[in-house]
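Descriptive analysis of the structure
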Amino acid sequence: MSKSNQSLELYVFVLVVVTLASVHCSAIPDKKQRVQDKPLSSEPHEVHGEHNPDYDHDAFLGHEEAETFDQLSPEESKQRLSIIVDKIDKDRDGEVTEAELKEWIQYVQRRYIVTDTDRMWKDHEPDAENTLTWESYQKRTFGYSDDPVEGSPTFEYKDMIQRDRRRWHQADKNGDGKLTKEEFQDFLHPEEAEHMRGIVVDETLEDIDKDGDGYISLQEYIGDMWPRSAEEEGQEEPSWVKSEREQFSNYRDKNKDGKMDKAEVMDWIIPHDYDHSKAEAKHLIFQSDVNQDGKLSKEEILDKYDLFVGSQATDFGEALTKHDEF
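Residues numbered from 1 in each chain as written. Predicted model: local features only at pLDDT ≥ 70, side-chain atom pairs only at ≥ 80, totals over all residues. Heavy atoms only, no water.

1. Quick word on the overall build of the protein
Broken down by element type, the protein carries 17 helices and eight strands. Per-residue burial over the protein gives 47% buried out of 326 residues. Sequence separation of at least 24 residues holds for 60% of the intrachain contacts in the protein that already meet a minimum separation of 6. Surface exposure of the protein reaches about 16,300 Å², of which carbon and sulfur atoms provide 47%. (Helix = DSSP H or I, 4+ residues; strand = E, 2+ residues; numbered from the N terminus. Buried < 20%, exposed > 50% of the residue type's maximum accessible area, 1.4 Å probe, protein only. Contact = heavy atoms within 4.5 Å. Areas by Shrake-Rupley, 256 points an atom, 1.4 Å probe, with all protein chains shown as cover.)

2. Digging into the packing of aromatic side chains
We describe a pair of aromatic rings using the distance from one ring centre to the other and the angle between the two ring planes. Here the structure, examined in full by the defined rule, presents eleven aromatic pairs. On the basis of an interplanar angle of 50 degrees and a centroid distance of 5.3 Å, the ring pair of Trp104 and Tyr107 is categorised as tilted. Of this pair, Trp104 and Tyr107 both sit in helix α6 (residues 98–123), three residues apart, which is roughly one turn of the helix. When its relative accessible area of 32% is taken as the criterion, Tyr107 is described as partly exposed. Ring geometry for Trp121 and Phe184: centres 5.5 Å apart, planes at 55 degrees, overall tilted. Pair noted here: Trp121 is in helix α6 and Phe184 is in helix α9 (residues 181–188), with a separation of 63 residues, a long-range link. Side by side, Trp121 and Phe184 carry an identical accessibility label, which is buried. Aromatic ring contacts, followed pair by pair, group Trp121, Trp134, Tyr137, Trp168, Phe184 and Phe187 into a single cluster. Looking at Arg167, its charged tip hangs above the ring of Phe187, at a distance of 5.6 Å from the centre. (Phe/Tyr/Trp six-rings, centres within 6.5 Å; stacked < 30°, edge-to-face > 60°. Lys NZ or Arg CZ within 6 Å of the ring centre and 35° of its normal.)

3. Here's the deal with the environment of Leu205
Its location among the elements puts Leu205 in helix α10 (residues 197–208). Here the alpha-carbon distance between Leu205 and Met260, two residues 55 residues apart in the chain, equals 9.3 Å. Apart from the residues lying within four places of it in its own chain, the contact partners of Leu205 are Gly214, Tyr215, Ile216, Lys262 and Val265.

4. As for α10
With twelve residues, α10 should cover 16 Å at 1.5 Å per step; its first-to-last C-alpha distance of 17 Å lies within 8% of that length. Of all the twelve residues making up α10, nine are buried; the element is thus mostly covered by neighbouring parts of the structure. Taken residue by residue, α10 has Ile199, Val200, Val201, Asp202, Glu203, Thr204, Leu205, Asp207 and Ile208 as its buried positions. (Expected span 1.5 Å × (residues − 1).)

5. Some remarks on the UniProt feature "domain: EF-hand" (unreviewed entry) in the protein
Using the residue numbers shown here, the UniProt feature "domain: EF-hand" (unreviewed entry) corresponds to residues 76–111, 159–194, 196–231 and 276–311. The span residues 76–111 is 75% helix and 6% strand, and its two end C-alpha atoms sit 24 Å from each other. The annotated region residues 159–194 carries 58% helix and 6% strand content, and the separation between its end C-alpha atoms amounts to 25 Å. (UniProt positions renumbered as here; feature names shortened; annotations may be inferred.)

6. Observations concerning the packing of helix α8 (residues 158–171) against α9
Two elements in contact, α8 and α9, have axes whose closest approach is 9 Å; the angle formed by their N-to-C orientations is 135 degrees. Accordingly, the angle class assigned to the pair α8 and α9 is oblique. At the point where α8 passes α9, the crossing takes the right-handed sense. Here α8 contributes Asp164, Arg167, Trp168 and Ala171 to the contact with α9, which in turn contributes Glu183, Asp186, Phe187 and Leu188. Considered class by class, the residues forming the contact of α8 with α9 number four nonpolar, no polar and four charged. (Axes fitted to C-alpha atoms, helices over the stretch in contact; angles between N-to-C directions. Parallel < 35°, antiparallel > 145°, perpendicular 65-115°, else oblique. Left-handed = near helix turned anticlockwise from the far one by under 90°. Nonpolar A, V, L, I, M, F, W, Y, C, P; charged D, E, K, R; others polar.)

This is how it looks when you write it as structure tokens:
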């Protein structure tokens, strides 16, 4: 896979797994609700063909943590990052390899999922049997446990409730109508569970498929990435949009029928041959490896600290703004 394709796939992954943690909370969620679990970034990886630094900062720090990190001085940032580098360098040879960086990023991903599930589990107050009922979840999330029928206070959120309930049933492995903490984790983070990935596809398809025909056309594909305002209509489209049209025709639409079906959407958003943590590790090394020996010294990392504090490797900013890593 080419570098441009890897970058695009990582961007796709980000779009798919952005904001479910903020969606499933006690406040009524926004009406647009794709399967978006891990708060990576709503920012594109590239803007007008150029790398977008906000992608790293928002995507891998999280918006709130990124704002917190912005308050740190460069000196303090480097000092704290230096401690993290020592943790990543497991064999203590003074060099961070791609394998060590990938392992750290995977650890960070796992820890975020566990921590987020713990927080949400406590927030939803499981019952005495340490399970969570659908009624309890719906009331906590949408304010009422009523069925979303006309005249009900939940009717306004009918589509969202139905989508959540469908995901709930898929996560409920034993079919008892309640979720254990493990099942609740699959509900919150479906892209991490094999039996939940169909939900990722269904919800993505529903969001982008504007005409409801069960497919994603080229127009719908581009429109989701580049929704133009009335003022922009008629203007020449940017080069990156033209590139996306080529991506759709050459890579997304595998059977060349002019649209993406469910299988093609699955290959797009959850490619089986793409390792996101490896891609991020390669990205960091490529951007920082001054002597091009394929690994990073602490000096090389600290010289590019602004890249790393915007990277998943720094634990969404927590490793730099909290004390648990020190």
